[in-house]
Amino acid sequence: MAKAEVTIPLDLPDVRVVQTATSERGEIIITIESIKAGTSCRKCGKWITKLHGRDEWVTIRHLPVFGRPTYLRYRPHRYQCQDCEDHPTTTQKLEWHDANSPHSFAYDDHILLQLVNSTIEDVSIKERLSYDSVAGALERRMEASVDWSVIGAIEILGLDEIALKKGQGN
């Protein structure tokens, strides 16, 4: 008897799905490759298109599918700049993932949504992540400071009773 299958769009620009698999633990692993040709040189900033191989495999957490953890697996392309003196290589930057993050931007946004009316500990249990992974997603996706120059006026300001009494000897 054949297994029923469903096709779901990844909504990731400039990628092609190479393979899908299910791990022994039931996780979905999607192997993808970039179809974006080139990147900006890390030294001069020019657009470079001379392919110079690929980096090591990267596996990152992505949005869950049917309640199962889902991972994207890919090898970033490396490009060589012909204009710079020492011909440096640059790893391609993809607009849906930060090179230093274990999650896609979409998954970080999913974690932020899970944090509404929940604690970091609650979300770490629900998503089967470490406390530090959830806190890291929060740090990556939320600004640490406010640009007050873009805010004209604050018309309504809500404070709770703890904020009102803080510092008043209570």
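Scroll up a little and you will see the structure.
Residues numbered from 1 in each chain as written. Predicted model: local features only at pLDDT ≥ 70, side-chain atom pairs only at ≥ 80, totals over all residues. Heavy atoms only, no water.

Trainee: Give a description of the pattern of salt bridges that names residues and reports values.
Mentor: Scanning the entire structure with this criterion turns up nine salt bridges. A salt bridge links aspartate 86 to lysine 43; the nearest nitrogen and oxygen atoms lie 2.9 Å apart. Highlighted residues: aspartate 86 in the loop between β8 (77-80) and β9 (89-91) and lysine 43 in the loop between β3 (39-40) and β4 (47-48), separated in sequence by 43 residues. A salt bridge links aspartate 109 to arginine 141, with the shortest nitrogen-to-oxygen separation between them at 3.0 Å. Within this pair, whereas aspartate 109 is found in helix α1 (residues 105-114), its partner arginine 141 is found in helix α3 (residues 131-141), the two being separated by 32 residues in sequence. (Salt bridge = Lys/Arg side-chain N within 4 Å of Asp/Glu carboxyl O. Helix = DSSP H or I, 4+ residues; strand = E, 2+ residues; numbered from the N terminus.)

Trainee: Please provide a residue-by-residue account of the packing of aromatic side chains, values included.
Mentor: Each aromatic ring pair is specified by the distance between its two centres and by the angle formed by the two planes. Enumeration according to the criterion identifies one aromatic pair in this entry. When the ring of tyrosine 74 is compared with that of tryptophan 96, the centres are 5.4 Å apart and the planes differ by 65 degrees; the resulting orientation is edge-to-face. One end of the pair, tyrosine 74, is in strand β7 (residues 68-74); the other, tryptophan 96, is in the loop between β9 and α1, with 22 residues separating them in the sequence. The two residues tyrosine 74 and tryptophan 96 agree in class, both being buried. Positioned over the ring face of tryptophan 57 is arginine 73, at 3.8 Å from the centre of the ring. (Phe/Tyr/Trp six-rings, centres within 6.5 Å; stacked < 30°, edge-to-face > 60°. Buried < 20%, exposed > 50% of the residue type's maximum accessible area, 1.4 Å probe, protein only. Lys NZ or Arg CZ within 6 Å of the ring centre and 35° of its normal.)

Trainee: I'd like to hear about the sheet that holds β7, residue by residue, with values.
Mentor: The sheet built from four strands is open, its strands ordered β1-β2-β7-β6 with mixed pairing. Where the open sheet ends on each side, the last strands, each with one partner, are β1 (15-22) and β6 (58-65). Neighbour to neighbour, the strand axes of the sheet diverge by 30 degrees on average, direction disregarded. Relative to β7, strand β2 (residues 28-34) runs parallel, the two sharing four bridges. Residue pairing across strands places threonine 31 opposite arginine 73, the latter belonging to β7. (Pairing = 2+ DSSP bridges. Axes fitted to C-alpha atoms, helices over the stretch in contact; angles between N-to-C directions.)

Trainee: Which residues make up the packing of helix α2 (residues 120-127) against α3, and what values go with them?
Mentor: Geometry of a packed helix pair, given as the angle between the helix axes and the separation of the axes. Interaxial distance between α2 and α3 falls to 8 Å at its minimum, and their mutual angle equals 115 degrees. Here α2 is positioned roughly perpendicular relative to α3, judged by the angle of their axes. Judged by the sense of rotation from one axis to the other, the crossing of α2 with α3 is right-handed. Counted together, Ile120, Glu121, Val123 and Ser124 of α2 and Tyr131, Val134, Ala135 and Leu138 of α3 form the full contact between these two elements. Of the residues in the contact of α2 with α3, the class split is six nonpolar, one polar and one charged. (Parallel < 35°, antiparallel > 145°, perpendicular 65-115°, else oblique. Left-handed = near helix turned anticlockwise from the far one by under 90°. Contact = heavy atoms within 4.5 Å. Nonpolar A, V, L, I, M, F, W, Y, C, P; charged D, E, K, R; others polar.)

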